[in-house]
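Inside the fold
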Amino acid sequence: MAVTANTNETYNVTTIREDLQEALTSITPTETLLMSTIGSKNVDNTFFEWAEVDLAATSANRAVEGDSGLANTAATNAVRKGAYCQISTKVTEVSSTANQVNGVANAQTTAKQVAYKLAELKRDMEAMLLDNVASAAGSSGNARSTAGLPAYLTTNVSRGTGGANGTTSGTGEAGFVNAAATDGTLRPITEALLKSVIKSCWENGADPSIVMCGAAQKQTISGFTGNATKFQDVDAKKLTAAVDIYISDFSTVQVVPNRHMRKRTVSSVVHTPDVLVLDPNYAEVAYLQTAKQEALAKTGLSERRLISCEYGLQVTSQKAHGIVADIQN
């Protein structure tokens, strides 16, 4: 007569399709800004790879007329990069009675519980893709993990004292991220720090369009005195006291707060330490298995559903993005 832990006690036919990917994509885009902003692709293995090509630096390229002894120019080869997919799951169990009764908004039914768990799964995915974690192959009994965006970034970076870039498994930038970035001493976000990273992005060929940050950092950026555009809603007769667009010397970026940014606790105070400068064209969520639901074995007077997704983060070119790290609230 035992009831499995976390069974939602109080069935009706499930109304959500077996393939949930479209539903996953459409769930509140503003709630998962990174996933909704960057692209997506399908992959066919738990470890997937891509190539990154960097053009040679400019040089004084002058040739002598009629020169018959021209030397070969160094080849422009791609760097082979990769990442592992990870699996995220939610399991819901609902009793036959709960599916049958007429509840408030029928929130207790299998169909509604699947929808709620799918939304929770997407939030989990967003938070993990924004985390400063390395990629790992996993093993029997140990989950694989995909690297989070902050761990990829090594070129256009500003870190606090003691902070250090993550590393990769190959030579230079080749391979997968095998160690996350090292956190440094926390410091305030300043306009100079943000401008410096945007400048570095531009100098390395990037055209960033988004600055993504936590709530406290968004409020501070709204107080910058530089080329910040504040929009006035004339019809509503109110001033929006927030920087929605920041015009730097090199690009115009949209400043957006993301509630799922990485958290860091120092002396019992929770901080949101990362301010990301992004070009969404150079990052994708790679799906080995798109979101789906499956019926688990039925036992007794309840029904169980598994919602799962297998995916990884591909940062096609880390030089297209930047980070102001180690920021205090």
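Look a little higher up for the structure.
Residues numbered from 1 in each chain as written. Predicted model: local features only at pLDDT ≥ 70, side-chain atom pairs only at ≥ 80, totals over all residues. Heavy atoms only, no water.

**Some words on the overall build of the protein**
The condition that has to hold: Secondary structure elements follow DSSP: runs of H or I of four or more residues count as helices, runs of E of two or more count as strands, with numbering from the N terminus. Think of it in three bands: with a 1.4 Å probe and only protein chains considered, a residue is buried below 20% of the maximum accessible area for its type, exposed above 50%, and partly exposed in between. To be clear on the numbers: accessible area is Shrake-Rupley with a 1.4 Å probe, and residue cover counts the displayed protein chains and nothing else.
Counting secondary structure elements, the protein contains seven helices and 19 strands. For the protein, with 329 residues in total, the buried portion stands at 42%. Counting every atom, the protein has about 17100 Å² of accessible surface; 50% of that belongs to carbon and sulfur.

**Structural notes on the pattern of salt bridges**
Going by this rule: We define a salt bridge as a side-chain nitrogen of Lys or Arg found within 4 Å of a carboxyl oxygen belonging to Asp or Glu.
Taken as a whole and judged by the stated rule, the model has 16 salt bridges. The residue Arg259 makes a salt bridge to Glu31 at a minimum N-O spacing of 3.2 Å. Residue Arg259 is located in the loop between β13 (252-257) and β14 (264-266), and its partner Glu31 is located in the loop between α1 (21-26) and α2 (33-37); the two are separated by 228 residues in the primary sequence. Judged by relative accessible area, Arg259 falls into the exposed class, the value being 60%. As a salt-bridge pair, Glu120 and Lys90 come within 3.7 Å of each other at their nearest N and O atoms. Of this pair, Glu120 sits in helix α4 (residues 110-129) while Lys90 sits in strand β4 (residues 86-95); the two residues are 30 residues apart in sequence, bridging distant segments of the chain.

**Digging into helix α7 (residues 215-222)**
Where we set the bar: Summarising the geometry, the arc corresponds to the directions from the helix axis toward the C-beta atoms. The contact definition used throughout considers only heavy atoms, calling two residues in contact when any of these lie within 4.5 Å.
The set of residues buried in α7 consists of Gln217, Lys218, Ile221 and Ser222. Each buried residue of α7 sits inside an arc of 140° when the element is viewed along its axis, so together they form one side. Relative to its buried face, α7 has exposed residues pointing more than 90 degrees away, namely Ala215 and Gln219. Packing partners of the buried residues in α7 comprise α6 (191-203), β8 (210-213), β13 and β16 (275-278).

**Some points on the side chain of Thr32**
Put simply, the rule reads: N or O atoms closer than or at 3.5 Å make up a polar contact, with two conditions inside protein: a donor-capable atom paired with an acceptor-capable one, and, for residues adjacent in sequence, both atoms drawn from side chains.
Within the fold, Thr32 resides in the loop between α1 and α2. By relative accessible area, Thr32 is classed as buried at 2%. Polar side-chain contacts of Thr32 include one of 3.4 Å to the side chain of Lys122.

**Focus on the sheet that holds strand β1 (residues 39-42)**
Picture the strands of a sheet paired through backbone hydrogen bonds; they go either parallel or antiparallel. How we decide: Pairing between strands is defined by DSSP: at least two bridges between the two strands are required. Between N-to-C directions, angles span 0 to 180 degrees; the directions come from axes that are lines fitted to C-alpha atoms, helices contributing only their stretch in contact.
Pairing in this open sheet of four strands is mixed, and the strands run β1-β17-β18-β4 from one edge to the other. At either end of the open sheet lies a strand with only one pairing partner, and these are β1 and β4. With direction set aside, neighbouring strand axes in the sheet form an average angle of 30°. Sheet analysis places β4 next to strand β18 (residues 302-314), joined by ten bridges and oriented antiparallel. Bridged to Thr92 within β18 is Arg305.

**Side note on the pairing of strand β17 (residues 284-295)**
Where β1 meets β17, four bridges bridge the pair, whose relative direction is parallel. Each bridged residue has a counterpart across the sheet, and for Asn42 the counterpart in β17 is Tyr287. Pairing between β17 and β18: nine bridges, direction antiparallel. Bridging from a neighbouring strand, Ala295 pairs with Arg305 of β18. Between β17 and β18, which pair antiparallel one after the other, the connecting turn spans six residues, and Gly300 there sits at a positive phi close to 70°.

**Some remarks on unusual backbone geometry**
In this structure, Ser267 takes a positive phi of about 50° despite not being glycine. If you trace the backbone, Ser267 turns up in the loop between β14 and β15 (269-271). Classification of Ser267 as exposed rests on a relative accessible area of 68%.

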